[in-house]
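Residue-level listing of the chains:
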Amino acid sequence: MADQYQSEAQLEDHLIKKLQTQGYQYIAIPDETALLNHFRDILNQRNQARLKGRNLSDREFKAVFNELIGSKTHYQVAQLLRGSDTQPYGKIVIQRDDNTNLYLEFFDGVKPENNIFEVTHQMTITSGKHENRYDVLILLNGLPVTQIELKRKGKDFTEAFHQIIRYRDESVPFAKLLRTIQLYVISNGNETRYFANGDGPLNSSFLFYWTDVNNNWLNDLDAFSASFFEQSRFHSLIANYSIFDSVNKRMLIMRPYQIFATEAILKQAKDHPGENAYVWHTTGSGKTITAFKTSQLLAQKTAVEKVIFLIDRADLDVQTAKNFNAYLPETTSGEPALDMTTSTYNLVQQLKRQDNHLIVTTIQKLNQAVKSDRYKADLTAYHDKPIAFIEDEAHRSQFGEMRRNVNRWFQNAQHFGFTGTPIFTENKGAKDRTTADLYGKCLHKYLIKDAIRDHNVLGFAVQYMNTIKKGDERGTDRLVKGIDTQAAFESEDRLHRIVDHILEKHEQISKQRHYNAIFTVPSTRIALKYYELFKVLMGDRNINVTTIYTWVANEEDNEAYQDKNKGDQTSRHGLDTVIEDYNAKYHTSFSTDHFQDYFGDVSKRMKAHNDQTPEDNIDILIVVNMFLTGFDSPRLSTLYVDKNLEWHGLIQAYSRTNRVEKKEKPFGNIVVYRNLKQATDQAVALFSDDDPAVIFAPTYAALKGKLDGAIASLQETAPDLASIDQLYSQGDKALEKFVLDFRDVLRLYNQIRVYDEFQWDDFAPAFNAQKMEDYRGKYYEAYRRIKKNPGDKDSILENIDFEIELLQTDKIDVTYILNLINTIDLSTPTGREEDTNKIKRLLHNADNDDLKSKAALLERFLDQIIPKLQPRADVSAELNNFLDYSQKLAMADFAKKHDIPVEFVAEQLTDFNFYGHLNGHEIMSQLGKSGLKFGERRKVKQQLDTFITEAVQAYTLTN
């Protein structure tokens, strides 16, 4: 029992001893100055040959710091640390005091043994708003790369997560070397998680478990450390298994199952080059990222001639293509890794280039290349060369004639498939082969039950709605079996009732349209009928509904739909009408003649769904087959189903809803208007290895019982509003009880609100909607007070997770706006203008102080630079150049106005970035050399202080 009460200090000491046995050297780093000096010593030591016996001077080390950190974002620092795919070394170049260039290396991404692994603890930062002590820091070559925050056993380990957030806000803006932190680890000894650092807000929904190769948790801190911090493993996490998203400018860290799958493929390629294999990782678990990283490492670390990442063009909308390119480096010619054109010639040229080992293309384009006589001479060389194919969503793209054509040409190829829903005997078509038939051995599994357990995807709340009324069953919710005729399912009365139900419940299910939905139907004709019914029955609701589908030129049922008086029309003509409505609503100019443009815009709106711009959102998208596979958006929470689904098609469709976002999205909502209970149970059992229990959300009755209990506990603590006010005088313990009790009510309400049966009358008279709002206000006031006066080390409320996202709508801050700017659609003038105008509207309504300070500058960028950019321009790089140029202009203007050298202003800015403050004595001394009197010097110093502070705020995109 003694272990249960192990203190935080004991846990810390135990961890450090454990790390020392793993080869980490202990180093005492009491404060920020010691950290800087230690890094400087190691940098000198690592670069002795380059320094030629002359260690870095103070000015040179400032230049190092400015080059490594300066005003760079975390994303930029992280990239600099790792180097490039071809040169995986952290390097910078500075100018020495004698004006010669000096290259310095500070990280070896190839050989772990060429780096120094150290551990320190209790480093204290006093330069911020409050004094903060860092429990444990892992240093690589003197740079802090991992922060470990611990809580004593028995305490909620997520308090460490909120402590990290506070330290980032209070200390990192001043102790800037801490910006090199790549990973965080939090633990209470029994529960341990890791997650990546970044520029934007940290999200507690993305705290990752570490596991063994069989997906068993290593939660105990000892077990976690033995595996995670083993030096070669830890080095690989930093050097190999970090992903850079160049569109959203964020660094991602891979999860253990992704790493194990990647390593299994690398081993298979080296040890069994003639044998195909596949990876079964459930839909939504990030298998595309795994496939990307596998492709890169195969190209770097094996003897294959080319690695071809093969995808299906059917999955490629504009946004998906951007995501593909976001993770992969440009080719040596500066082109995006994924060529979106239909040009087979471009593909053949990529294959011919000797400096391009990784190619991303579509199976359609490759099939065209190998079939064409035009390219036979160019491709003959690859008949017998070792080629590795990475095939994402293998079950969709790799069956059929195209696959056979590719196989016949590349006769020494090895194929690695990635699938979330393999083809088995049970779910294969008459002419299909199973995934095992096609690929052979399964190298790694990560099933839907594993992903839900780890909270890497969400479970499903499946609700079955009775829509066929028969005799005395009219008022029941029981499904009526045996009535499945097309006429019954397509009757106007039934469709009318389904639309009524959706309109009645959608606000509640979607959290007042905070999330959006897909409605899948059996045919294009029914899609149009539903679309028209939504228009007729919408009333004064502001729910945005549209539809999208593909059509055939000569539909088989055209003969039955020729009565113009009944509104009959072909599917394409019907979609023309839909797009006309769409253009009027969203101020666009699409048509079926350019369907892909319409498809791209619909996809973009579904992914960019946001509370602050409801007029730009699509709330419900009616589809037949589109968007049911491959579409990935955390803002999609609900699937309405009025068509028959089965096996992998069912799981794929349901899985559109289960992407993790924030805590306010507890699971994917599936509302079914057909009798799919048996089909659902069969599919879930097949793809969870007959262990389906974890996949479904609790029943309404179970959640209601929990919410009843939570309400009772809350009212015992605070029976009315006045009693909450009295808690403030009773101390933190009393207030903590209210916070935790109401948080439980919030959590359960957030889950139960999506159920069709939910109504507040079930909880009367104890609780109702008005009481919920009243208590919510008091809860938020407690949060506001604590956050207004942070830093009280004795407060037990300081690091409580208030889960405030359950109360708030979307937060529009600098990170959010930068993501929008980075994803501006430059491919068309309409897309460019629409995206720019949306960002301007948000800037004009900014209520965030940091965003307000940058709003005018960002708007100038939108007006002056965006209209001139080429379609393939790097918007983020252009923005950085614009900010740098604007800052230099501002410094020149300030220097001219005050008749001081611009170099002096620039030097002060560099010092501010290094020290976090200005040296007033030095400034006064330097200004004295300009001939200014004492009073004038003080005035200029004050103005310079203000200018530097405001310049850092305005021209820097990170804290």
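Residues numbered from 1 in each chain as written. Predicted model: local features only at pLDDT ≥ 70, side-chain atom pairs only at ≥ 80, totals over all residues. Heavy atoms only, no water.

If you look the protein up in an unreviewed UniProt entry, it shows as Type I restriction enzyme endonuclease subunit from Agrilactobacillus composti DSM 18527 = JCM 14202. UniProt lists a comment for the protein under the heading Function (unreviewed entry), and it reads "Subunit R is required for both nuclease and ATPase activities, but not for modification." We quote the UniProt Catalytic activity (unreviewed entry) comment for the protein here in full: "Endonucleolytic cleavage of DNA to give random double-stranded fragments with terminal 5'-phosphates, ATP is simultaneously hydrolyzed." (UniProt positions renumbered as here; feature names shortened; annotations may be inferred.)

Engineer: Hey, could you run me through the overall build of the protein in this one?
Structural biologist: Across its full length, the protein carries 36 helices and 22 strands. Put simply, the protein has 959 residues, and 55% of those count as buried. Contacts spanning at least 24 positions in sequence make up 73% of the contacts within the protein whose residues lie at least 6 apart. Carbon and sulfur atoms make up 48% of the accessible area of the protein, which amounts to about 40900 Å² in all. (Helix = DSSP H or I, 4+ residues; strand = E, 2+ residues; numbered from the N terminus. Buried < 20%, exposed > 50% of the residue type's maximum accessible area, 1.4 Å probe, protein only. Contact = heavy atoms within 4.5 Å. Areas by Shrake-Rupley, 256 points an atom, 1.4 Å probe, with all protein chains shown as cover.)

Engineer: What is the right way to look at the sheet that holds strand β16 (residues 441-446) in this model?
Structural biologist: Two modes of strand pairing occur in sheets, parallel and antiparallel, and in both the strands are linked by backbone hydrogen bonds. Taking strand neighbours across the sheet as the criterion, the 6 strands line up as β13-β12-β14-β15-β11-β16 in an open arrangement whose pairing is parallel. Bordering the open sheet on either side are β13 (358-362) and β16, each of which pairs with just one other strand. Strand-to-strand, the axes of this sheet are offset by a mean angle of 20 degrees, without reference to chain direction. On top of the sheet, helix α9 (residues 256-271) reaches β11 (277-281), β15 (413-419) and β16; it is set at about 170 degrees to β16, its chief contact. In the packing of helix α10 (residues 287-301) onto the sheet, contacts are made with β11, β12 (306-311), β13, β14 (387-392) and β15, and the angle to β14 comes to roughly 170 degrees. (Pairing = 2+ DSSP bridges. Axes fitted to C-alpha atoms, helices over the stretch in contact; angles between N-to-C directions.)

Engineer: Is there a simple way to explain unusual backbone geometry in this structure?
Structural biologist: Working note: non-glycine residues mostly have negative phi, and peptide bonds are mostly trans. With an omega of 0 degrees, the peptide bond between Ala764 and Pro765 qualifies as cis. Along the polypeptide, Pro765 turns up in the loop between α28 (732-752) and α29 (769-788). Of note in the backbone geometry, Lys52 takes a positive phi value of approximately 55 degrees without being a glycine. Mapped onto the fold, Lys52 is located in the loop between α3 (48-51) and α4 (58-68). A positive phi angle is found at Gln122, which is not glycine, with a value near 60 degrees. Assignment of secondary structure puts Gln122 in strand β4 (residues 117-125).

Engineer: How do you make sense of the pattern of salt bridges when you look at a structure like this?
Structural biologist: Pairing between side chains of opposite charge can happen when the charged atoms of each approach one another. Following the criterion strictly, the structure yields 43 salt bridges and no others. With a closest N to O distance of 2.9 Å, Lys511 and Glu664 form a salt bridge. Of this pair, Lys511 sits in the loop between α20 (492-509) and β18 (516-520) while Glu664 sits in the loop between α24 (647-654) and β22 (668-672), and the two are 153 residues apart along the sequence. Both residues of the pair, Lys511 and Glu664, count as buried. For Glu773, the salt bridge is made with Arg776, and the minimal N-O distance between the two is 3.3 Å. Placement of both Glu773 and Arg776 in helix α29 is noted, with a separation of 3 residues, approximately one turn of the helix. One network of salt bridges, with partners in common, ties together Arg494, Asp642 and Arg674. (Salt bridge = Lys/Arg side-chain N within 4 Å of Asp/Glu carboxyl O.)

Engineer: Looking at this structure, how should I read the packing of helix α13 (residues 363-371) against helix α16 (residues 401-409)?
Structural biologist: Two packed helices can be described by the angle between their axes and the distance between those axes. Put simply, α13 and α16 touch, their axes get as near as 9 Å, and they point 50 degrees apart. Regarding the angle of α13 to α16, the classification is oblique. Where α13 crosses over α16, the handedness of that crossing is left-handed. When α13 is examined against α16, the residues Ile363, Gln364, Leu366, Asn367, Val370 and Lys371 are found in contact with a partner set consisting of Met402, Arg403, Asn405, Val406 and Trp409. Taken together, the residues that form the contact of α13 with α16 break down as 6 nonpolar, 3 polar and 2 charged. (Parallel < 35°, antiparallel > 145°, perpendicular 65-115°, else oblique. Left-handed = near helix turned anticlockwise from the far one by under 90°. Nonpolar A, V, L, I, M, F, W, Y, C, P; charged D, E, K, R; others polar.)

Engineer: What am I meant to see in helix α1 (residues 8-21) here?
Structural biologist: A rise of 1.5 Å per residue sets the reference length of α1, with its 14 residues, at 20 Å; its end C-alpha atoms lie 20 Å apart and thus fit the reference within 8%. Taken together, the buried positions of α1 are occupied by Leu11, Glu12, Leu15, Ile16 and Leu19. Take α1 and look down its axis: the buried residues cluster within an arc of 135 degrees, on one side only. In α1, the exposed residues that point more than 90 degrees away from the buried face are Lys17 and Thr21. Where α1 ends, the next residue or the one after it, Gly23, has phi of about 100 degrees, a positive value. (Expected span 1.5 Å × (residues − 1). Arc of directions from axis to C-beta.)

Engineer: Just checking my understanding: could you explain the pairing of β22 for this structure?
Structural biologist: Every regular strand shows the same layout, with side chains that alternate between the two sheet faces. The element β22 is extensively covered by neighbouring structure, given that 5 of its 5 residues are classed as buried. Neither face of β22 is exposed, since Gly668, Ile670 and Val672 on one face and Asn669 and Val671 on the opposite face are all buried. Bridging between strand β21 (residues 636-641) and β22 involves 4 bridges; their strand directions are parallel. Within β22, the position partnered with Thr638 by the bridge is Asn669.

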